[in-house]
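The primary structure of each chain is shown beneath.
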Amino acid sequence: MKLALACLLLAAAAFGQGTVTIYGTVTDSTGAAVPQATVQAINSGTGAVRDARSDQSGSYVISRLPVGVYTVRIEASGFKTFVQEGIQVQVDENRQVNVALQVGAVTESIEVRAELAQVETRSGAIREIVDSLRIVELPLNGRNPLQLQYLAAGSAGIAARDQAQNESVSINGSRTNSNNYQLDGGDNHDPYFNTPSVFPNPDALEEFSIQTNAYGADRGRNAGAFMAAVTRSGTNNFHGTLFEFVRNEKLNARNFFSNTVPPFKRNQFGGTFGGRIIRDRTFFFGSYQGTTERSAPGAVTATVGTAEQRQGNFSSRSTALRDPQGGTFANSQIPRERLNLAALKFLEAFVPLPNRANGLLSTASQQKNDNHQITGKLDHRFSASNQLSGRLVYNNDAFDEATGNLPGFFASIKYTNWNLAVSDTHIVSPSILNTFTFGYNDIDRRQIPIVPGNRTWNDFGAGFTRTFSVDAPAAMHTQVDGYFNAFSRFPLNHFRTGLQFSELLSWNRGSHFFKLGGDVRRSMLDLQELFRGDPFIRFRNTFTGDALADFLLGLPTQYEQIAEAANKPRVTELDLFLQDDWKLSRRVTLNLGVRWDPWFPFRDELNKFSQIRLWQKSRVFPTAPAGIVFPGDPGTTSSLLRRRLGNTTPRFGFAIDPTGSGRNSIRGGYGIFYSQVRQQANNQIATNQPFSLKLTINNPPGGVLDPYRGIGNPFPFQPPATDAEKASYKWVLPLTVTQWNPDFRDAIAQQWNFNVQRQFFSSWVATAAYVGSKANHLFLTSELNPGVFGAPGANLNARRPLAPTFGPVTDQSSRGNSLYHSMQLTLNKRFASGLTLLTNYTWGKLIDDASTDGDSPANPFNFRNERGPSDLDITHRFVSSFIWQLPSLKAA
């Protein structure tokens, strides 16, 4: 079905995405409009010519130009011909060329040469351009162009990709999942994590821009940086490339913790090819990249215990080993008959003996990755005023991830991506341009655990019951703090689909350049997971003072099991905007905008939401304890949250050219931005009773042999489906609940900057900027029913204020705040004389009370105590990149 949809859209529309526009006004020396002037934009690289005519107000627009360097030629009867060369236009950028013609013959001409370095005199936004030269030539580990985000001033803490497809970065005080990503005009983010989705390989990209602060009202969705990238297009000439990049352990040094150089091999190979189908009308471009990777650089290490310790001998400890039955073990030696047989079998099956001193095991990761990526693009001009274009990226990634630190444990993760963008651009008049874009993004993620021998704790004699009735491979997560982590992840299926409809009307009206438009996006997730259907078991030093000794006695500090969970959250995102870039005078430009970003909370087609409302009795589930409600109960909606329709935000910027030479600028901007919520936040809510069952037991008295002692075994679990089953459902107490706080709302951020730019020589631009941001209503979690100090010996759940009905209650709220200030110094040399350079230094401070969505206050009764330097804070950061093309050898 997915392939069929993609093929249908391919058949219906040619591929490609417009990139840049040159616009302006044509007047005479008195300022009067010159209508019907002929305007040509000539691509300096390909020689391609695009024509337009000025309207009655003297305005003109030439759109859908590939990024590059252009010559603008303007002719009108009775005036000298005007020619301006060297106009460089980059991605996500509109170049304004206003011309005052001089009286004379058309055969006479006035030629102006544009400078290579172009100071920003049109916008107050902070932006960085990464061109194709940097994308292709700068070294990228894994050839992932998203690593070039880190070149931008203000980039700080980076979040590992974990289960996502890419890393994410905090820019100018935003959270790592607050950025937005666009490819060829269509959304290219993963809404499940709010992180970037797959981008084409460097050879398939033309360039991208990163707007990091106070950008216009036409950009939004999230409150962080906005990255817009464009893929390459074909031309009248045929061009192709072939490449292969190799990494091999033969070229590596030995890791400090390794006995030898760990095996590691990576091969990345492929090519590109593009050209014309019909000269000057239809063009194509294609790219393929394959990646094979075996193992991972560096060694995997774990402390597995010495042979003596694995027999219960901890006499090497400096302190005596406690006996859970009272006192201490003589000479810190656990009697043989006290050792847990299931734990010993676990060691024998999964945990090799150490191969280094002090009980350390060093191994190669053995993980592997096979990736195939195809990018296809077509551009077709129906006429001088209409162009249809689009692009498809297909990515297939099969990754056996070494998840823990013991050999043989993997998570087999298979990602399949289809990303489509189709756009139609129509020049309505010489001053009006309309662009419609359709985007389709499909992300299919399947995860299968791999455990040596497909064995669970039950195969060793433990007393756990799998929480589901379906047949599923064994999964393992057993953590012995300070020693080893046997981890394989758990079975799950994610099917994520996004649709986007985007409309943009651009109108050049004399000194005003208007943008009016909006987006409608539909995000859908179908999730099925058996997360922790086999138990998560954690051993700490609770009973003996040593986690491995607790493990050998079969006494975990905690175990957790969750029955099968499934949900289908849906959300609609809508925005409308109006932006006016007003040329107030020859030297002053104002950027005035307003954006409407209403927030609609998630709705689950299966209605798997619940919420704590003390003293309210549910009618949907009559046997539910008082204090918990569900969709359909009085006073509830299908999402249990209120929508926010009043999210209207201003945007303001200014740019002043104080001398009128275009070599200096004074700029600044301010804006308010809203952020969307990641889909992943719905996962734990779907595990609430009676939709699923989450059982967490602290210090289980029966250990691993009798884990359900005193509470009864609730597994396998089947949720009630019919009205009769709902009316007779027997609840397992205490309830473990994850909820949306009733006052939850979308995050809001303010951004501001003030900066000055100066051009030096012909190709150098220096920028000094103050950049700040402030965010409120950030996502965080907290415990609403924490254990309090009580009678000695009372277990945690008995010490909770809402006991015995409720156990842990995880509250997903929007109480977080952050504040960021920075000084940013940037030096940028455009490519000339074989050299380009981008250098920046950021001195900043980010303060918050929660750095990620999952952060929880250590003391839920004293939230203010959490305020301090953020986990994402980097006070000093210096980044420099350059490309130097050495002179070529000349024939003697």
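Keep in mind that what you see is a predicted model, and the values were worked out from it rather than measured.

Checked against the element boundaries, Asn567 lands in strand β34 (residues 565-567). Among the polar contacts made by the side chain of Asn567, one reaches the main-chain carbonyl oxygen of Asn682 at a distance of 3.5 Å. Discounting residues that sit within four places of it in the chain, Asn567 has contacts with Leu525, Asp526, Leu527, Asp604, Leu606, Asn682, Asn683 and Ala686.

On to the sheet that holds strand β13 (residues 180-183). As summarised here, the arrangement of the five strands in space is β10-β17-β18-β13-β14, forming an open sheet in which the pairing is mixed. A single partner strand is all that each edge strand has here, and the edge strands are β10 (126-130) and β14 (186-187). Pairing analysis gives five bridges linking β10 to strand β17 (residues 205-213), with the strands arranged antiparallel. Bridge pairing in β17 links Glu128 to Ile210.

Take the pattern of salt bridges next. The tally for this structure, following the rule as stated, stands at 35 salt bridges. In this structure, the salt-bridge partner of Glu293 is Arg266, at a minimum N-O distance of 2.8 Å. Residue Glu293 is located in strand β21 (residues 282-294), and its partner Arg266 is located in strand β20 (residues 265-278); the two are separated by 27 residues in the primary sequence. The class for Arg266 is buried, based on a relative accessible area of 11%.

Turning next to the packing of aromatic side chains. Counted according to the given criterion, the structure contains 41 aromatic pairs. Geometrically, the ring pair formed by Phe630 and Trp731 is tilted, given 6.1 Å between the ring centres and 40° between the ring planes. Of this pair, Phe630 sits in the loop between β39 (628-629) and β40 (648-656) while Trp731 sits in the loop between α5 (723-728) and β43 (735-740); the two residues are 101 residues apart in sequence, bridging distant segments of the chain. With relative accessibility at 1%, the residue Phe630 sits in the buried group. Ring centres 6.3 Å apart and planes at 40° place the aromatic pair Phe652 and Phe654 in the tilted group. Residue Phe652 is classed as partly exposed on the basis of its relative accessible area, which comes to 38%.

Three or more residues of helix α3 (residues 341-350) are buried, namely Ala342, Ala343, Leu344, Phe346, Leu347 and Phe350. At the N-terminal end of α3, a side-chain oxygen is found 3.0 Å from the backbone nitrogen of Ala342, two or three residues along, and the residue is Asn340.

All right, on to the pairing of β17 then. With eight of nine residues buried, β17 is to be regarded as a mostly interior element. The pairing of β17 with strand β18 (residues 226-231) spans six bridges and is classified as antiparallel. The residue bridging Ser209 from the neighbouring strand is Ala228, located in β18.

To continue, consider the nonpolar core. Here is a general trend for soluble globular proteins: nonpolar side chains tend to be buried in one another's company. Of all hydrophobic cores here, the largest spans 58 residues; its most connected members are Phe346, Leu406, Trp457, Phe484 and Phe551. Looking at this core, the elements with two or more residues in it are α3, β28 (476-480), β32 (536-539), α4 (547-552), β42 (694-698), β43 and β46 (806-832). Per-element accounting of this core gives the leading share, six residues, to α3. Residues in contact with Phe551, not counting those within four places in the same chain, are Ala343, Phe346, Leu347, Trp457, Thr478, Val480, Phe484 and Phe539.

The strand order across the open sheet formed by five strands is β29-β28-β32-β33-β42, and the pairing between neighbours is mixed. Strands with a single pairing partner mark the edges of an open sheet, and in this sheet they are β29 (485-489) and β42. When strand polarity is set aside, the average angle formed by the axes of neighbouring strands in this sheet is 10°. Here five bridges tie strand β33 (residues 558-562) to β42, and the two strands are oriented antiparallel to one another. In the sheet register, Gln561 faces β42, and the bridge partner there is Leu695.

Counting across every chain of the model gives nine cavities of 30 Å³ or more. Of the volumes computed, that of the second largest cavity is approximately 350 Å³. Along its surface, the second largest cavity is lined by 36 residues, and Arg175, Ser178, Ser675, Ala747 and Leu778 are the ones closest to its centre. For the lining of the second largest cavity, the elements supplying multiple residues, two or more each, are β44 (748-760), β45 (764-783) and β47 (835-848). Looking at the lining of the second largest cavity, the element that brings in the most residues is β45, giving six residues. By residue class, the composition of the lining of the second largest cavity is 14 nonpolar, 15 polar and seven charged.

Conventions used here
- Residues numbered from 1 in each chain as written.
- Predicted model: local features only at pLDDT ≥ 70, side-chain atom pairs only at ≥ 80, totals over all residues.
- Heavy atoms only, no water.
- Helix = DSSP H or I, 4+ residues; strand = E, 2+ residues; numbered from the N terminus.
- Polar contact = N/O pair within 3.5 Å; in protein donor to acceptor, adjacent residues only side chain to side chain.
- Contact = heavy atoms within 4.5 Å.
- Pairing = 2+ DSSP bridges.
- Salt bridge = Lys/Arg side-chain N within 4 Å of Asp/Glu carboxyl O.
- Buried < 20%, exposed > 50% of the residue type's maximum accessible area, 1.4 Å probe, protein only.
- Phe/Tyr/Trp six-rings, centres within 6.5 Å; stacked < 30°, edge-to-face > 60°.
- Core = buried A, V, L, I, M, F, W, Y, C linked by side-chain atoms within 4.5 Å.
- Axes fitted to C-alpha atoms, helices over the stretch in contact; angles between N-to-C directions.
- 1 Å grid on protein atoms, 1.4 Å probe; cavity = no way out; pocket = protein on both sides within 12 Å on 5 of 7 lines; lining within 4 Å.
- Points joined across faces, edges and corners; volume = space filled by probe spheres on them.
- Nonpolar A, V, L, I, M, F, W, Y, C, P; charged D, E, K, R; others polar.

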